[in-house]
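Survey of secondary and tertiary structure
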Amino acid sequence: MTEVSAGRPVQAEFAGMPPKLYAASPSRLLAHVDCPRRYRMQYLDKPRPEQRPQRAHTSFGLAVHNALRDWWDLPRDRRTASAGRELVRTSWIDVGFRDPEQSGLWRRRAQEHVVSYLGGVDPDDPPRGIERTVSFVSGALRVTGRIDRLDDRDGELVVVDYKTSQKPLGTDDARTSLPMALYAAAVWKMFRRPCLRVELHHVTSGEVVAHTHTPESLTRKVDEAKSIARDAQRADADFAERGVESQLFPPVVGPICTWCDFRAHCPEGQAAGPEKSGWAALEAAAASALQKP
């Protein structure tokens, strides 16, 4: 049985029915926390508002991730650190850069980073999973996500996430990361083996930031996700009834608005400051490197 609200069919609920699951990725949950307005435009509006073109630092990151993924598919005799150079070349995404010269510069830097990183990876110790989709259900929340790498080290499952930002990682980045904790919880559920250690591998510097959770800390992170999901689910229901007239999607205005992919559709975000160029993150990184002694 269905009802109609705001022109949309809505499934009717009956007494005794289990609560409707809220299905989300970690990035969707965090989008609702960061800015409900952006969340609405990205996940609820139909048709979805047009996004700005992909930025250069995203192209850089995707090429690095793809090269590290494809390296494990090479025959063992070709699985060398230097092979990463060609993998980056074939994975390169020439989108968002100021001009071909800038694109070429950052392609070469990506190749250097990948070759250096692979120099510390054992080609004879393949991961348990590469870009593995994981999921779990807790209460009314279903979380689904994809992890960059899952290691099995002497019987211990370890979630690894590649980072390609030009900024160094902080010591608490792994400990406080909601996505990493949810990935660990999903791995534990799916493989029926404890998974407590999470690692951020900063490919651009070679730094590894790690944290070992406890079962209690993972539970707290899952509870945090469930709290966010309840808020998002209420907002989704209000949107289903009221559409864009819903008052539950206010913009969160701040410096991040200058980077937002949907700022063209948000007057408050436009007023926060001029839009960053497609290559601004890479220019900032280059300027910072020049200032170092």
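Details of the structure are given in the entry above.
These remarks concern the structure in this document. (Residues numbered from 1 in each chain as written. Predicted model: local features only at pLDDT ≥ 70, side-chain atom pairs only at ≥ 80, totals over all residues. Heavy atoms only, no water.)

Re the overall build of the protein chain
The helix and strand tally for the protein chain stands at ten helices and eight strands. Relative to its length of 293 residues, the protein chain is compact, with a C-alpha radius of gyration of 21 Å against a globular reference of 19 Å. The C-alpha extent of the protein chain, read off along each of the three principal axes, is 60 × 50 × 35 Å. Within the span of the protein chain, comprising 293 residues, buried residues form 43% of the whole. Across the protein chain, contacts joining residues at least 24 apart in sequence account for 65% of those joining residues at least 6 apart. A total accessible area of about 15,900 Å² is found for the protein chain, and carbon and sulfur atoms account for 51% of it. (Helix = DSSP H or I, 4+ residues; strand = E, 2+ residues; numbered from the N terminus. Rg over C-alpha atoms; globule rule 2.2 N^0.38 Å. Buried < 20%, exposed > 50% of the residue type's maximum accessible area, 1.4 Å probe, protein only. Contact = heavy atoms within 4.5 Å. Areas by Shrake-Rupley, 256 points an atom, 1.4 Å probe, with all protein chains shown as cover.)

With respect to the pairing of strand 6 (residues 156-163)
Successive side chains on a regular strand alternate, one facing one side of the sheet and the next facing the other. Counting buried residues in strand 6 gives six out of eight residues, a clear majority hidden from the surface. Inspection of the sheet shows strand 5 (residues 141-153) paired to strand 6 by five bridges, in the antiparallel sense. Pairing of Asp152 across the sheet is with Leu157, part of strand 6. Between the end of strand 5 and the start of strand 6, which pair antiparallel, lie two residues, with Asp154 showing a positive phi angle near 55 degrees. Strand direction decides the pairing type here: strand 6 and strand 7 (residues 197-202), joined by six bridges, are parallel. Across the sheet, Tyr162 pairs through a bridge with His201, a residue of strand 7. (Pairing = 2+ DSSP bridges.)

With respect to the environment of Pro194
Of note, Pro194 is situated in the loop between helix 7 (178-191) and strand 7. Considered as a pair, Pro194 and Pro215 are 21 residues apart in the sequence and their alpha carbons are 8.6 Å apart. Aside from chain neighbours lying at most four places away, what touches Pro194 is Leu157 and Trp188.

Remarks on the pairing of strand 5
Note that strand 3 (residues 22-24) and strand 5 share three bridges and pair parallel. What sits directly across from Ala24, in strand 5, is Val143. Across nine bridges, strand 4 (residues 129-138) lies against strand 5 in antiparallel orientation. Bridging across to strand 5, Ser138 finds its partner in Leu141. Here strand 4 folds back onto strand 5 in antiparallel fashion, the turn holding two residues, of which Gly139 has a positive phi close to 60 degrees.

Points about the pattern of salt bridges
Scanning the model with the defined rule gives 24 salt bridges in all. A salt bridge links Glu275 to Arg52, with the shortest nitrogen-to-oxygen separation between them at 2.8 Å. With Glu275 in the loop between helix 9 (267-271) and helix 10 (280-291) and Arg52 in the loop between helix 2 (36-44) and helix 3 (56-71), the pair connects residues that are 223 residues apart, well separated along the chain. Given a relative accessible area of 39%, Glu275 falls into the partly exposed group. Each of Arg149, Asp151, Arg153, Arg197 and Glu199 takes part in one network of salt bridges that share partners. (Salt bridge = Lys/Arg side-chain N within 4 Å of Asp/Glu carboxyl O.)

Topic: the state of the cysteines
Chemically, a disulfide is nothing more than a covalent bond linking the sulfur atoms of two cysteines. Overall, the coordinates contain zero disulfides when judged by the stated rule. This cysteine, Cys257, is not joined by any disulfide, and Cys266 carries the nearest cysteine sulfur, 6.2 Å off. (Disulfide = S-S within 2.5 Å.)

Some words on the nonpolar core
Residues Tyr22, Leu29, Val159, Leu182 and Val187 are the most contacted members of the largest nonpolar core, which totals 39 residues. When residues in this core are grouped by element, the largest group, ten residues, is from helix 7. Leaving out residues up to four positions away in the same chain, Val187 has contacts with Val134, Ile147, Leu150, Leu157, Val159, Arg192, Arg193 and Cys195. Core analysis: the second largest hydrophobic core is formed by 25 residues, Ala67, Leu68, Ala83 and Tyr117 among them. (Core = buried A, V, L, I, M, F, W, Y, C linked by side-chain atoms within 4.5 Å.)

Concerning the side chain of Asp151
Here Asp151 is to be found in strand 5. With a relative accessible area of 10%, Asp151 lands in the buried category. A polar atom in the side chain of Asp151 sits 2.9 Å from the side chain of Arg153. With near-sequence residues (within four places) excluded, Asp151 lies in contact with Pro127, Arg128, Glu156, Leu157, Val158 and Val160. (Polar contact = N/O pair within 3.5 Å; in protein donor to acceptor, adjacent residues only side chain to side chain.)

Details of helix 8 (residues 215-242)
Between its first and last C-alpha atoms helix 8 spans 40 Å; for 28 residues at 1.5 Å apiece the expected length is 40 Å, and the two agree. Every buried residue of helix 8 is listed here: Ser217, Leu218, Lys221, Val222, Ala225, Ile228, Ala229, Ala232, Ala235, Asp236, Asp238 and Phe239. Following helix 8 by one or two positions, Gly243 has its phi on the positive side, about 65 degrees. (Expected span 1.5 Å × (residues − 1).)

What to know about the environment of Asp125
Within the secondary structure, Asp125 is located in the loop between helix 5 (100-118) and strand 4. Among the residues examined, Asp125 registers a relative accessible area of 44% and is labelled partly exposed.

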